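Residues per chain, in single letters:
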Amino acid sequence: MASNERSIDYATIEMLDKAENDGVGTAFGRAASMKPCPIGGEGSCCKMCAMGPCRLPSAKNRSETAQQRDERRGVCGATIETIAARNFVRMIAGGTAAHSDHGRSVAHTFLAAAKGEDSNFSIVDEQKLLQVALDFGIAIEGRSARDIAIDVGEAAIEEFGKTHGTLRFLNRAPLKRQQIWKEQEVEPRSIDREVVESMHRTTMGVDMDYEHLFQQGTRTALADGWGGSMLATELQDIMLGTPVPVRGKVNLGVLRPDTVNIIVHGHEPLLPEMLVVACQDPELIALAKAKGAEGGINLGGICCSANEVLMRHGVPLAGNMLQQELAVVSGAVESMVVDVQCVMQSLPKVAECYHTEIVTTSSRAKIAGAVHIDFDESKPLEAAREIVRRAINRYPMRQKALVNIPQHSMDLVAGFSHETINYLLGGLFRASYRPLNENIINGRIRGVAGVVGCSNPRVKHDDAHAKLVRELIKNDVLVIQTGCAAMACAKLGLMTPEAAHLHAGPGLAEVCEAVGIPPVLHMGACVDNSRILMAATAMVKEGGLGDDLSDLPVAGAAPEWMSEKAIAIGQYFVASGVYTVFGVSWPTLGSEEVTRWLFEGMGAIYGGRWAFEPDPEKMARLMIDHIDSKRKALGLDKARERVLFDMEMRRELEAV
Ligand code: NFS
């Protein structure tokens, strides 16, 4: 397959051609040469025990009687419904574990910083500290920030393994939503417990009622969105600063010639924060220059680590998940520093062809062929300095003949935390979601869509993101993004304020231009999908758009998803009342009944439901139709017509 059929991104296309010339394999090539397993892909493979693995492929093209379907069972008698649901719940548990283990390590560092045991980190955002303390029920009156922070840190750590009660952040949701969770008995009790119980209930011979399995899957997903992920976001903000709008650049063109290029890749922001400091150290910059790197040191990022340091420091984004190997293929990266999640094991293999060193840093993740420098949480800056020094020492090994930095990069504005949206739209002294709600009510903004998730070589890289988001903003839907999806659209220039006038519909463009924001807002990393929950909750609480998240004219999508984490995110969005569409493939198609339950059954209970649509234009249509149906239910369909009339009048006035 030609490179330009694999991606719409010029930098990626160039690097794929270079990889081929250099004899280097990438995920794109491996995906093309290895077909996905059709049985596992539809959730019909059970490998929970050694009586199997049992494969129960669906009938698809042949008609199947009820009796034949009933006979389609694993050795233990498990039905396809049970198997598909178990596999799905295990994906939720995997995703929740990943986000939440990240949250846990942040909570431990936070407590150490609060106690003054960690001199590298401190309490930066006291206002947010007070907000979290209030939500946690911790007294703030007359107490020092230090004492409050210690209590918040201890309470946060407790959330992972407490033995009674339910998660504290559930009380942030609209009351109606809390009531639904209570009635459905899906309030998470503690984060670890829900992951463990999901693993238990999906092991051989335990829970064999798919609806009952999904109840636990939902409880586990809520422990992610309103638990582990939300804790990660909030504590990071308090410790590292809540993001505010910041200019940045994106794509492999951010790599620099004659400069030591270090790429930070993975998810946890604490080491990247320290790398930002180390890369600015005059002594290390002088060392780089002494080694011949006249430009000094350049730090860039891949995946969510990148989003974190972009949001807080404007560190450039080198690219999204599928560009990790390609950054090395440029021949211009001295060191790729990774921690956890979405890291490809192929990196050391790719690096063999160049001079790049792959450095693992988390005690939880090593790769054969990579160097391991433990990010000792008590001396993080020292670890960061050592990593930078090693990278500098590799610079003289750079093979000039193998260097080719693609000349493609794009400007963007990032840093749209839910607090920032509050200030930007409402003004510094009257921070409020009122203007956003009003513009939705009067129809200038049709609704809001969260477009999130991964890149996946099973589909054309960045293509579905681009088509979906362009279609949405053209139809006056404000788009908010996180993760690799955000980078895909940033590369196309959709995260610049100018994009409003170039690509958005007239109503959305008018609002964006008045406030000076892009029509597509970067809200951060994937754990920051919790920011989207908070923004949506703020819209409900502001009033005029119903009294629950499921009343809002909003929708979610992950058009190029690949990770279990995306499934966990989707499930907590659906269980929070959001209509959520995924592309690529759908992992329960082996059971029509289970799929129907997720696509329709959940809607009856939670007001939000899943959908699957790989075609991005059809996906946009589904989301817009959903938004319009919510507008209609709120009685806002007429308001929108009025605004179009207003626009006409204004044009006439201008013509005079
Ligand atoms: Ni999200 Fe971030 Fe990207 Fe997907 Fe991976 S980096 S946590 S999982 S691939 S968006």
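Here the structure is a predicted model, which means the values were calculated and not measured. (Residues numbered from 1 in each chain as written. Predicted model: local features only at pLDDT ≥ 70, side-chain atom pairs only at ≥ 80, totals over all residues. Heavy atoms only, no water.)

Caption draft 1: Here's a closer look at empty space enclosed by the protein. This structure, assessed with the given rule, holds seven cavities of 30 Å³ or more. Contributing to the lining of the largest cavity are 27 residues, with Ala449, Gly450, Ile480, Ile532 and Phe573 lying nearest its centre. Counting residues per element, the ones that place at least two in the lining of the largest cavity are strand 11 (447-451), strand 12 (477-481), helix 24 (529-542), strand 14 (554-558), helix 25 (564-575) and strand 15 (579-582). Grouping the amino acids of the lining of the largest cavity by side-chain chemistry returns 22 nonpolar, five polar and no charged. (1 Å grid on protein atoms, 1.4 Å probe; cavity = no way out; pocket = protein on both sides within 12 Å on 5 of 7 lines; lining within 4 Å. Points joined across faces, edges and corners; volume = space filled by probe spheres on them. Helix = DSSP H or I, 4+ residues; strand = E, 2+ residues; numbered from the N terminus. Nonpolar A, V, L, I, M, F, W, Y, C, P; charged D, E, K, R; others polar.)

Caption draft 2: Region of the structure containing the packing of aromatic side chains. A complete count under the given rule lists 13 aromatic pairs for this structure. Taking 6.3 Å as the distance between ring centres and 80 degrees as the angle between the ring planes, the aromatic pair formed by Tyr210 and Phe214 counts as edge-to-face. Highlighted residues: Tyr210 and Phe214, both in helix 11 (residues 210-240), separated by four residues, approximately one helical turn. Take Tyr210: its relative accessible area is 13%, and that puts it in the buried class. An aromatic cluster of three or more residues is present, and its members are Phe88, Tyr210, Phe214, Trp561, Phe582, Trp586, Trp597, Phe599 and Trp610. The ring of Phe136 carries the charged tip of Arg168 above its face, separated from the ring centre by 5.4 Å. (Phe/Tyr/Trp six-rings, centres within 6.5 Å; stacked < 30°, edge-to-face > 60°. Buried < 20%, exposed > 50% of the residue type's maximum accessible area, 1.4 Å probe, protein only. Lys NZ or Arg CZ within 6 Å of the ring centre and 35° of its normal.)

Caption draft 3: Molecular detail of the coordination of the nickel atom of the ligand. Of all protein atoms, just one serves as a donor to the nickel atom of the ligand, and that atom is Cys526 (SG), at 2.3 Å. Angles of 90 to 164 degrees at the metal separate the four donor atoms of the nickel atom of the ligand, which places the site in the irregular class. By secondary structure assignment, the location of Cys526 is in the loop between strand 13 (520-522) and helix 24. (Donors = N, O, S within 2.8 Å, 3.2 Å for Na, K, Ca; no water. Tetrahedral: all angles 85-135°; square planar, octahedral: opposite > 155°, others 65-115°.)

Caption draft 4: Region of interest: the side chain of Glu81. Tracing the backbone through its elements, the reader meets Glu81 in helix 6 (residues 80-115). By relative accessible area, Glu81 is classed as buried at 10%. Discounting chain neighbours no more than four positions away, the residues touching Glu81 are Arg69, Tyr210, Ser591, Glu593 and Val594. (Contact = heavy atoms within 4.5 Å.)

Caption draft 5: Geometry of the layout of surface pockets. Empty space within the largest pocket amounts to approximately 1,000 Å³. Along its surface, the largest pocket is lined by 29 residues, and Gly40, Gly41, Met91, Trp561 and Ser585 are the ones closest to its centre. Among the secondary structure elements, those contributing two or more residues to the lining of the largest pocket are helix 4 (38-41) and helix 6. The dominant element in the lining of the largest pocket, judged by the number of residues it contributes, is helix 6, at five residues. Its residues placed into classes, the lining of the largest pocket shows 16 nonpolar, seven polar and six charged. One number sums up the size of the second largest pocket: a volume of about 600 Å³. Lining the second largest pocket are 21 residues, and of these Lys128, Gln131, His418, Glu419 and Asn422 lie nearest its centre. With five residues, helix 18 (residues 418-426) is the single largest residue contributor to the lining of the second largest pocket. Residues that form the lining of the second largest pocket fall into these classes: six nonpolar, eight polar and seven charged. Structurally, the lining of the second largest pocket is a two-domain feature, drawing no fewer than three residues from each of domain 2 (80-240) and domain 4 (425-633). (Domains from an automatic or database assignment.)

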